[in-house]
Structures are given as structure tokens and as C-alpha cells.
Amino acid sequence: MLDQKSMDEARKWNAELDAALQSGGVVDQPLYLRLLEAYRYDAASSVGWVEAKMRVLLSRVRQGKDLSLFDPSLREQTVAQSELRLRSWIGENFPGLSVK
């Protein structure tokens, strides 16, 4: 069980990650791998965490801002300039994920 300090640190890290995703819109390879690991863990809390990060990205792209997303098939960053492209990337990499 996590102690209060660990939980506070996790909340702070999550808030910082959300702020970085909103301001920069970058999912680099290390973050992609962390998201994929959480998604594959397949627990409600870990999948919910991935969904929450995708909602931040969705918010950013809906504001007309570009995203830089790691594409594992190309092993490089790709640009997503639309909600459709983001949803395509989500579907390719996190099938069945529900992002509203």
C-alpha cells in the first residue's frame, strides 16, 4: 500500500505530466512505452490512467494545436494535426480504449 507521501508524489507527477501534454503535446518513446505498459496491465485504474492522458491530448488537438506522437511502426515521431489522426493513432496503439 502506498503511503501518503508516495500518493502525493504520484498526484504531483500526474499533474505535471498533464500540464506537459497540454502545453507541448509530445508523446515520446519513453512515455509511449509507459502508456502501453499501463494499457496492457489491463486493470481499471491503469487503463483509466491511459484514457485520462488521451483526453488531455484530445483537448489539445481540439484547440487546433499539433501533437507529436511516437509511432512504433516507424520508430519515430509523427505529427497529428487533427482529432481524426489522434483517434487513428489511439486505435492503432490502444485498441478498444474509450476516449470521449
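In case you missed it, the structure is sitting above this.
Report follows, based on the coordinates. (Residues numbered from 1 in each chain as written. Predicted model: local features only at pLDDT ≥ 70, side-chain atom pairs only at ≥ 80, totals over all residues. Heavy atoms only, no water.)

**What about the pattern of salt bridges?**
For the coordinates displayed, the defined rule picks out 5 salt bridges. Glutamate 16 is paired through a salt bridge with lysine 12; the nearest N and O atoms lie 3.8 Å apart. Placement of both glutamate 16 and lysine 12 in helix 1 (residues 4–24) is noted, with a separation of 4 residues, approximately one turn of the helix. Assessed through its relative accessible area of 45%, glutamate 16 is described here as partly exposed. Taking the shortest distance from any N to any O, the salt bridge between arginine 87 and glutamate 83 comes out at 2.9 Å. One end of the pair, arginine 87, and the other, glutamate 83, are both in helix 4 (residues 83–93), 4 residues apart, so they sit about a helical turn from each other. With relative accessibility at 32%, the residue arginine 87 sits in the partly exposed group. Among the charged side chains, a salt-bridge network with shared partners connects Arg62, Glu83 and Arg87. (Salt bridge = Lys/Arg side-chain N within 4 Å of Asp/Glu carboxyl O. Helix = DSSP H or I, 4+ residues; strand = E, 2+ residues; numbered from the N terminus. Buried < 20%, exposed > 50% of the residue type's maximum accessible area, 1.4 Å probe, protein only.)

**Details of the packing of helix 2 (residues 29–41) against helix 3 (residues 44–62)**
Relative to each other, helix 2 and helix 3 sit at 140°, their axes nearing to 7 Å. The angle between the axes of helix 2 and helix 3 places the two elements in the oblique class. Here helix 2 runs over helix 3; the crossing is left-handed. Along its contact with helix 2, which presents Arg34, Leu35, Ala38, Tyr39 and Tyr41, the element helix 3 presents Ser46, Val47, Trp49, Val50, Lys53 and Met54. Across the contact of helix 2 with helix 3, the residue classes tally to 8 nonpolar, 1 polar and 2 charged. (Axes fitted to C-alpha atoms, helices over the stretch in contact; angles between N-to-C directions. Parallel < 35°, antiparallel > 145°, perpendicular 65-115°, else oblique. Left-handed = near helix turned anticlockwise from the far one by under 90°. Contact = heavy atoms within 4.5 Å. Nonpolar A, V, L, I, M, F, W, Y, C, P; charged D, E, K, R; others polar.)

**A short note on the nonpolar core**
Membership of the largest hydrophobic core comes to 27 residues, with the highest contact counts inside it found for Val27, Val50, Met54, Leu86, Trp89, Phe94 and Leu97. For this core, the secondary structure elements donating two or more residues are helix 1, helix 2, helix 3, strand 2 (67–71) and helix 4. Top contributing element to this core by residue count: helix 3, with 8 residues. Among residues more than four places away in sequence, those in contact with phenylalanine 94 are Tyr32, Leu35, Leu36, Tyr39, Val50, Met54 and Trp89. (Core = buried A, V, L, I, M, F, W, Y, C linked by side-chain atoms within 4.5 Å.)

**Observations regarding helix 1**
Helix length check: helix 1 (21 residues) gives 30 Å between terminal C-alpha atoms against 30 Å at 1.5 Å per residue, within 8%. Downstream of helix 1 by one or two residues, glycine 25 has phi in the positive range, about 65°. (Expected span 1.5 Å × (residues − 1).)

**Here we look at the layout of surface pockets**
Estimated volume of the largest pocket: approximately 180 Å³. Along its surface, the largest pocket is lined by Trp13, Asn14, Arg34, Glu37, Ala38, Ser45, Ser46 and Trp49. Secondary-structure elements contributing two or more residues to the lining of the largest pocket are helix 1, helix 2 and helix 3. Looking at the lining of the largest pocket residue by residue, the class counts come to 3 nonpolar, 3 polar and 2 charged. (1 Å grid on protein atoms, 1.4 Å probe; cavity = no way out; pocket = protein on both sides within 12 Å on 5 of 7 lines; lining within 4 Å. Points joined across faces, edges and corners; volume = space filled by probe spheres on them.)

**With respect to unusual backbone geometry**
For aspartate 42, which is not glycine, the phi dihedral falls at a positive 60°. Structurally, aspartate 42 can be placed in the loop between helix 2 and helix 3. For arginine 75, which is not glycine, the phi dihedral falls at a positive 60°. Topologically, arginine 75 is positioned in the loop between strand 2 and strand 3 (76–80).

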